[in-house]
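# Observations on chain architecture
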Amino acid sequence: MAALGYPAAYRGFVAACGPGRAETVLDAGCGAGDFATAWCAVRGQAGQLTLLDPAPAMLAQAIARFQGERVRAICDGLGALEGCGGQDVILCAHVIEHLDDPGAGIAALGRALAPQGRILLVVSKPHWCNRLIWLRWRHRTLAPREVRRLIAGAGLVCHAEHAFAAGPPSRTSRGYVLTHP
């Protein structure tokens, strides 16, 4: 992931989302922890960082990146978000495009968000590069207008969209900043 530029792209996205430190941060579908690492590099360590991923091996890699920090780890899917309400920030990169119902996934993120919180969502967008990624991950791509429709359907507001600056992330991904209305 680092060689392809995703950690740097995530740091750029976090930096572009305006000032602020968060007391509670949840990385939903954290994988190896790249997005949470980017958050902490730009914004500082959260009072409570929760890492959520259904793959034990990926979750173990993410946990190892935060030794000595206040980290809660949950080995489960987005269904576990029901017990994670009141998050100041939810990070979610390249997760909803793997779900049978991406709209339900976005709605679950919204239910876990504090009233004044923000979701930083990264989604795979249509581009020929994603066909290569599909060979490994079997994900779908979602056009920005479809993502905006899913966001509205989940009762959330998209305050900003983020185009990644360079490398594969600029071709394969788009960022969205979501809040409650």
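Residues numbered from 1 in each chain as written. Predicted model: local features only at pLDDT ≥ 70, side-chain atom pairs only at ≥ 80, totals over all residues. Heavy atoms only, no water.

## Focus: the overall build of the protein
Looking only at helices and strands, the protein features seven helices and seven strands. Ordered by position from the N terminus, the helices and strands of the protein form the series α-β-α-β-α-β-β-α-β-α-α-β-α-β. Going through the 181 residues of the protein one by one, you find that 50% of them count as buried. Across the protein, contacts joining residues at least 24 apart in sequence account for 67% of those joining residues at least 6 apart. Total accessible area on the protein stands at roughly 8300 Å², and carbon and sulfur atoms take up 56% of it. (Helix = DSSP H or I, 4+ residues; strand = E, 2+ residues; numbered from the N terminus. Buried < 20%, exposed > 50% of the residue type's maximum accessible area, 1.4 Å probe, protein only. Contact = heavy atoms within 4.5 Å. Areas by Shrake-Rupley, 256 points an atom, 1.4 Å probe, with all protein chains shown as cover.)

## A few points about unusual backbone geometry
Although it is not a glycine, His-94 sits at a positive phi angle of roughly 55°. Structurally, His-94 can be placed in the loop between strand 4 (87-93) and helix 4 (102-112).

## Re the packing of aromatic side chains
Tallied over the full model, the rule gives four aromatic pairs. Between Phe-13 and Phe-164, the ring centres sit 5.9 Å apart and the planes meet at 80°, which makes this aromatic pair edge-to-face. Linking Phe-13 in helix 1 (residues 6-16) with Phe-164 in the loop between strand 6 (157-163) and helix 7 (167-172), this pair joins segments that are 151 residues apart in sequence. Feature note: the residues Tyr-6, Tyr-10, Phe-13, Phe-35 and Phe-164 constitute an aromatic cluster, connected by ring pairs. (Phe/Tyr/Trp six-rings, centres within 6.5 Å; stacked < 30°, edge-to-face > 60°.)

## Notes on the packing of helix 1 against helix 2 (residues 34-43)
One can describe the packing of helix 1 onto helix 2 by two numbers: an axis separation of 8 Å at closest approach and a directional angle of 50°. Accordingly, the angle class assigned to the pair helix 1 and helix 2 is oblique. In this structure, helix 1 meets helix 2 at a crossing whose hand is right-handed. Residues Pro-7, Tyr-10, Arg-11, Phe-13, Val-14 and Ala-15 of helix 1 form the contact with helix 2, whose participating residues are Asp-34, Phe-35, Ala-38, Trp-39, Ala-41, Val-42 and Arg-43. (Axes fitted to C-alpha atoms, helices over the stretch in contact; angles between N-to-C directions. Parallel < 35°, antiparallel > 145°, perpendicular 65-115°, else oblique. Left-handed = near helix turned anticlockwise from the far one by under 90°.)

## Some details on the sheet that holds strand 6
Spatially, the seven strands line up as an open sheet ordered 3-2-1-4-5-7-6, and their pairing is mixed. Here the strands that pair on one side only, and so sit at the sheet edges, are strand 3 (71-75) and strand 6. Taking each pair of neighbouring strands and ignoring which way they run, the sheet shows an average axis angle of 15°. Alignment of strand 5 (residues 113-124) against strand 7 (residues 173-179), held across six bridges, turns out to be antiparallel. If you follow Val-122 over to strand 7, its bridge partner there is Gly-175. Along the sheet face, helix 2 touches strand 1 (24-28), strand 2 (48-53), strand 4 and strand 5 and points at about 135° away from the line of strand 4. Each of strand 5, strand 6 and strand 7 is contacted by helix 6 (residues 144-153), which is oriented at about 20° to strand 7, the strand it contacts most. (Pairing = 2+ DSSP bridges.)

Shape is all these values report; function is a separate question.
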